[in-house]
Amino acid sequence: MTELGNRRNTTEIIQKYQFAFQKKFGQNFLIDSSILDKIIESADITKQDCVLEIGPGIGTMTQRLAAEAGEVIAVEIDRNLIPILHDTLADCDNVTLINEDILKVDINRLAQEHNGGRPIKVVANLPYYITTPIIMALFEKHVPLQSVTIMVQKEVADRMRVGPGTKDYGALSLAVQYYARPEIITRVPAACFMPRPNVDSTVIRLTRYEKPPVEVGDEERLFAIIRASFNQRRKTLANGLANAGGLGVSRAQVEEALMEMGLPPATRGETLTLERFAELSNLLAGEDV
Ligand code: SAM
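How each quantity is defined
Residues numbered from 1 in each chain as written. Predicted model: local features only at pLDDT ≥ 70, side-chain atom pairs only at ≥ 80, totals over all residues. Heavy atoms only, no water. Helix = DSSP H or I, 4+ residues; strand = E, 2+ residues; numbered from the N terminus. Contact = heavy atoms within 4.5 Å. Near = heavy atom within 4 Å. Polar contact = N/O pair within 3.5 Å; in protein donor to acceptor, adjacent residues only side chain to side chain. Areas by Shrake-Rupley, 256 points an atom, 1.4 Å probe, with all protein chains shown as cover. Nonpolar A, V, L, I, M, F, W, Y, C, P; charged D, E, K, R; others polar. Buried < 20%, exposed > 50% of the residue type's maximum accessible area, 1.4 Å probe, protein only. Pairing = 2+ DSSP bridges. Right-handed = clockwise from strand over helix to strand, strands pointing away. Core = buried A, V, L, I, M, F, W, Y, C linked by side-chain atoms within 4.5 Å. Salt bridge = Lys/Arg side-chain N within 4 Å of Asp/Glu carboxyl O. Axes fitted to C-alpha atoms, helices over the stretch in contact; angles between N-to-C directions. Parallel < 35°, antiparallel > 145°, perpendicular 65-115°, else oblique. Left-handed = near helix turned anticlockwise from the far one by under 90°.

Tracing the chain through its elements places T202 in strand β9 (residues 201-208). With near-sequence residues (within four places) excluded, T202 lies in contact with I150, M151, V152, K154, A157, I184, T186, R187 and V188.

Structure, rendered in structure tokens:
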């Protein structure tokens, strides 16, 4: 088996199959084995684990995952990569390859079918254009997860960790911090990829909480409020939430809830912590959790 994760062997495979990189799929393949080592080590994979890899590319990380895990499910959108993957993964009998768009895959069903519904580990060098939707989908659809170890654009990793008072703070920060503990594993310079992207990257590990750090009566409502707050960032919470369709709250109700929280009526969502959003969500639902 040709070991990938270096420039020479990656170039050889690309040339052998005359593979043309597709920018629209965010194809930047890892060519640095020390970064691969760090990802695999931090994902802490054992033979008991079922791992979902999103976007295996030519199989660089898949080979390593297959060596460590009990089972690997690799979902790749680009059908031109499938014959290459059959070649590079020929010796790996614990990999299921699925040629699909991950955003259209029922990941809950995969976890059920391949791991009896027990928590899976997600590992990916993510195509940057789907980073936010895939993370939101994994958490909000309650995929049984242990951890998500992913390479993302450096700025996106920062967004997942920040709190109120920074321009990066938003719905992604709150969703990640509600469901998981984010930890930066390593920064990754653009030179570690082929072709070289325009941005630096970061490997971040999100370890799923067994129980979220705040209690809310209605999770969907909490996230509807968070989304509405950041969709209309410039507006006060009272205006933003009253204008948002579907929430069914008036400006006066929001102002009253804010008053109960000891906050001024002109408060903006970007100043609230996760705890404060939870409090607001419970008050607006008339719940006393
Ligand atoms: N894992 C490989 C590596 O580390 O070298 C490739 C990483 S590359 C940044 C992203 C991969 O995701 C590409 O192979 C791309 O074709 C695939 N991809 C892009 N969009 C996808 C989608 N919606 N669903 C599944 N795979 C996708």
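Structure shown, so let's carry the discussion forward.
Turning our eyes to something else, we now look at the site of the ligand. Taken together, 23 residues surround the ligand, and among them G55, E76, D101, N125 and Y129 come closest. One of the backbone nitrogen or oxygen atoms of G57 is found 3.3 Å away from an oxygen atom of the ligand. Between the ligand and the protein, one listed contact pairs a nitrogen atom with a side-chain N or O atom of Y129 at 2.8 Å. Alone, the ligand offers 600 Å² of accessible surface; in the complex the protein occludes 99% of this. Among the elements of the structure, β1 (29-30) and β3 (71-76) are those that each provide at least two residues to the shell around the ligand. Grouping the amino acids of the shell around the ligand by side-chain chemistry returns 11 nonpolar, 7 polar and 5 charged.

What follows deals with the pairing of strand β5 (residues 120-125). Of all 6 residues making up β5, 6 are buried, and the element is well covered by its neighbours. Side-chain alternation along β5 places I120, V122 and A124 on one buried face and K121, V123 and N125 on a second face that is also buried. Sheet topology places β5 next to strand β6 (residues 145-153); 6 bridges connect them, and they run parallel. By the bridge assignment, A124 is partnered in β6 with I150. Taken together, β5, helix α6 (residues 131-140) and β6 form a β-α-β motif whose crossover is right-handed.

Okay, the nonpolar core next. L52, I150, M160, L206, L241 and L280 are the most contacted members of the largest nonpolar core, which has 66 residues in total. With 7 residues, helix α8 (residues 171-179) is the largest single contributor of residues to this core. Core analysis: the next-biggest nonpolar cluster, separate from the first, contains 33 residues, I40, V51, I84 and L85 among them.

A few words now on the pattern of salt bridges. What the rule picks out here adds up to 12 salt bridges. Between D168 and K167 there is a salt bridge; the shortest N-O distance is 3.5 Å. Among the residues examined, D168 registers a relative accessible area of 25% and is labelled partly exposed. Among the salt bridges present, the one from R181 reaches E183, with a minimum N-O distance of 3.1 Å.

The interhelical angle for the contact between helix α2 (residues 33-43) and helix α3 (residues 60-68), taken along N-to-C directions, is 40°, at an axis separation of 11 Å. Comparing their axes, α3 and α2 come out oblique. In this structure, α2 meets α3 at a crossing whose hand is right-handed. Across from S33, L36, D37, I39 and I40 in α2, the residues of α3 making contact are T60, M61, R64, L65 and E68. The class makeup of the residues in the contact of α2 with α3 is 5 nonpolar, 2 polar and 3 charged.

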